[in-house]
Amino acid sequence: MKIRLSVYTKLVAFILIWAVSACSLDIENVNGPTDQQVVNSRDGLITLSVGMRQVYSTLALESIILTPGTTARELRGITTFTNIMEIDQGGSSLPNFNGNILSVWQRPLRVMAMAEDIITNAPSVLSSDPTMLSGVTAHAQLMKAMCLGSLAQSFTYGISQTSTTGSAPFQTRDELLDLAISLLKEASETIATTPPSTEFTTRVTGTEFDLSNTIQAYLARYSLMAGNYADAIDAANAVSQTVASRFIFTNLAPNPLYNQVQIAKNYAARENFGLPAALTEAGDQRISFYFTTDETSFQDDAIVGLKGFATAIDQPIPAYIPDEMKLIIAESIVRSSGNLNEAVEQINAVRTQTSGDPFGIHAGLSAYTGPVTADDLLTEIYKQRSSELYLSGLRLEDSRRFDRPAPPDDVVPVPITFERSRNYYPFPLQERQNNLNTPEDPAL
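This section reports on the structure supplied with the text.

The next thing to look at is the pattern of salt bridges. Between side chains of opposite charge, a pair can form as their charged atoms come close. Under the criterion given, the structure shown has 29 salt bridges. When the shortest N-O distance is used, the salt bridge between E62 and R107 registers 2.8 Å. With a gap of 45 residues between them, E62 in helix α3 (residues 42-71) and R107 in helix α5 (residues 99-125) connect regions that are remote in the sequence. Between D284 and R286 there is a salt bridge; the shortest N-O distance is 2.9 Å. Summarising the burial analysis for this pair, D284 and R286 share the class buried. A single salt-bridge network, built from bridges that share partners, covers R42, D43, D129, E199 and R203.

This brings us to empty space enclosed by the protein. Under the counting rule described, the total for this entry stands at 5 cavities of 30 Å³ or more. Approximately 240 Å³ is the volume found for the largest cavity. Forming the boundary of the largest cavity are 25 residues, of which Y218, R221, P318, A319 and S392 lie nearest the centre. Breaking the lining of the largest cavity down by element, the ones donating at least two residues are α3, α6 (130-154), α9 (211-226) and β8 (317-318). Broken down by element, the lining of the largest cavity gets its largest block of residues, 4 residues, from α3. Residues of the lining of the largest cavity, tallied by class, amount to 19 nonpolar, 4 polar and 2 charged.

On to the pairing of strand β5 (residues 267-270), then. Pairing of strand β1 (residues 75-77) with β5, which is carried by 3 bridges, proceeds in the antiparallel orientation. Among the inter-strand pairings, L75 is bridged to a residue of β5, identified as A269. In terms of strand pairing, β5 meets strand β7 (residues 301-304) through 2 bridges, oriented antiparallel. The residue of β7 that forms the bridge with R270 is I303.

Looking at helix α8 (residues 198-205), one finds that the buried residues are F200, V204 and T205. Angular distribution of buried residues about the axis of α8 spans 65 degrees; they occupy a single face of the element. Residues of α8 that are exposed and point over 90 degrees away from its buried face: T198 and T202. Packed against the buried residues of α8 are α3, α6 and α9. Phi for G206, located one or two positions after α8, is positive at around 70 degrees.

If you check α9, its first and last C-alpha atoms are 22 Å apart, about what 16 residues at 1.5 Å a residue would give, namely 22 Å. Near the N-terminus of α9, the side chain that reaches the backbone nitrogen of S212, with its oxygen 3.5 Å away, is that of D210. Immediately downstream of α9, the backbone of G227 shows phi near 85 degrees, a positive value.

In this section: the sheet that holds β5. Pairing is antiparallel in the open sheet, where 4 strands are placed in the order β1-β5-β7-β6. Looking at which strands have only one partner, the edges of the open sheet turn out to be β1 and β6 (296-298). Sheet twist, expressed as the average angle between the axes of neighbouring strands with direction ignored, equals 55 degrees. Bridge count for β6 against β7 is 3 bridges, and the pairing is antiparallel. When the sheet's bridge partners are listed, T296 is paired in β7 with I303.

On to the environment of S160. Within the element layout of this structure, S160 appears in the loop between β2 (157-158) and β3 (171-172). In this structure S160 comes out as buried when scored by relative accessible area, which is 15%. When the C-alpha positions of S160 and L176 are compared, they lie 6.4 Å apart, and in sequence the two are 16 residues distant. When residues no more than four places from it in sequence are discounted, the contact partners of S160 are M112, E116, K144, L148, Q171, L176 and L179. Looking at S160, its side chain comes within polar contact range of the side chain of Q171, at 2.8 Å.

Criteria and thresholds
- Residues numbered from 1 in each chain as written.
- Predicted model: local features only at pLDDT ≥ 70, side-chain atom pairs only at ≥ 80, totals over all residues.
- Heavy atoms only, no water.
- Salt bridge = Lys/Arg side-chain N within 4 Å of Asp/Glu carboxyl O.
- Helix = DSSP H or I, 4+ residues; strand = E, 2+ residues; numbered from the N terminus.
- Buried < 20%, exposed > 50% of the residue type's maximum accessible area, 1.4 Å probe, protein only.
- 1 Å grid on protein atoms, 1.4 Å probe; cavity = no way out; pocket = protein on both sides within 12 Å on 5 of 7 lines; lining within 4 Å.
- Points joined across faces, edges and corners; volume = space filled by probe spheres on them.
- Nonpolar A, V, L, I, M, F, W, Y, C, P; charged D, E, K, R; others polar.
- Pairing = 2+ DSSP bridges.
- Arc of directions from axis to C-beta.
- Contact = heavy atoms within 4.5 Å.
- Expected span 1.5 Å × (residues − 1).
- Polar contact = N/O pair within 3.5 Å; in protein donor to acceptor, adjacent residues only side chain to side chain.
- Axes fitted to C-alpha atoms, helices over the stretch in contact; angles between N-to-C directions.

Geometric descriptors of this kind do not, in isolation, establish any biological role.
What follows is the structure, given as structure tokens:
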């Protein structure tokens, strides 16, 4: 993909391209600094760092959560917009010119381009300020890793380095995950060796976004996806269970869940997390945390009002949910043939929790009483992940990893009895037209 925006576009893209999906957004601001002036100045790199995370939280995060969330049945498209209807229906005929697919592909790459500019230029520009350098660099490495991970969760191949020529090579999703893990390890080592300055925290992350814990949380997440179970456990254990790391929103940079569900009303929540009855449990307090009781019907689907992290235009959204770490540990133990009773302890720490979660997510269930076998525990872990991590952008990846029923390849729309309507997305038509390296689309 050909990515390089003017610095004006980079820093205010969350306002200018809110509903735009086209790539040709090289908007020039004749009164503003050039790209080179920004990336070659201390204040410019700090400002770009802030803008990078804003573009991620308001644009990329919207696509990362809503489109795969619809494919994985967490949400129901309730609009007449063709692109959302096509995502909801899924199947082998999903067109590659679908605007939602373009956004899932393009928006993370926009953020990656910003992160790459920072990673490339920070060492020279901030050479005399090592505590700012460590923070700015690790923050950019984290953001790039998050984008690589999101591409790996939606596509069979992706781009690991953006290009100004439109001819970027593709890597497999496993290679994308490996690179994301490498970046996160580098980021962790950087801030451990040289802790970021107070000025970095004040000007770039603020007090709501915790850089160190977020790095470890995503390292645990991607290590699990890559099958590096010992590393996943180590990283998960390094994450504080009492710290809340959040993406912050304002009236000008609105919460994308609130904007798309409550205001635009393009999506609605499916009841009981969109799970089949066998994977839901009476008395689960997370149901009342995430949903209202005003159940209605839409084309034979039961939909409910969405609460959780979608109740106000400026409501923060978690960068990760702490209990994900317990479930990562449990899954890693099971998949690495570890002590299954230790996995049950981690599962019960999620099931029986009634207080202490920094976001107020508590299942309030009784302890697990099912069979203590690998297959049964994996089903229970998938069930707990689906409820605890609802609308965190992880369900589609989870559905494949836990080998939930794959959709049929010859039925459109895919029946709701299947827990996902696609396995991976086709590559956007725009990418295929501009990049001869684009691989063949997956069949489903």
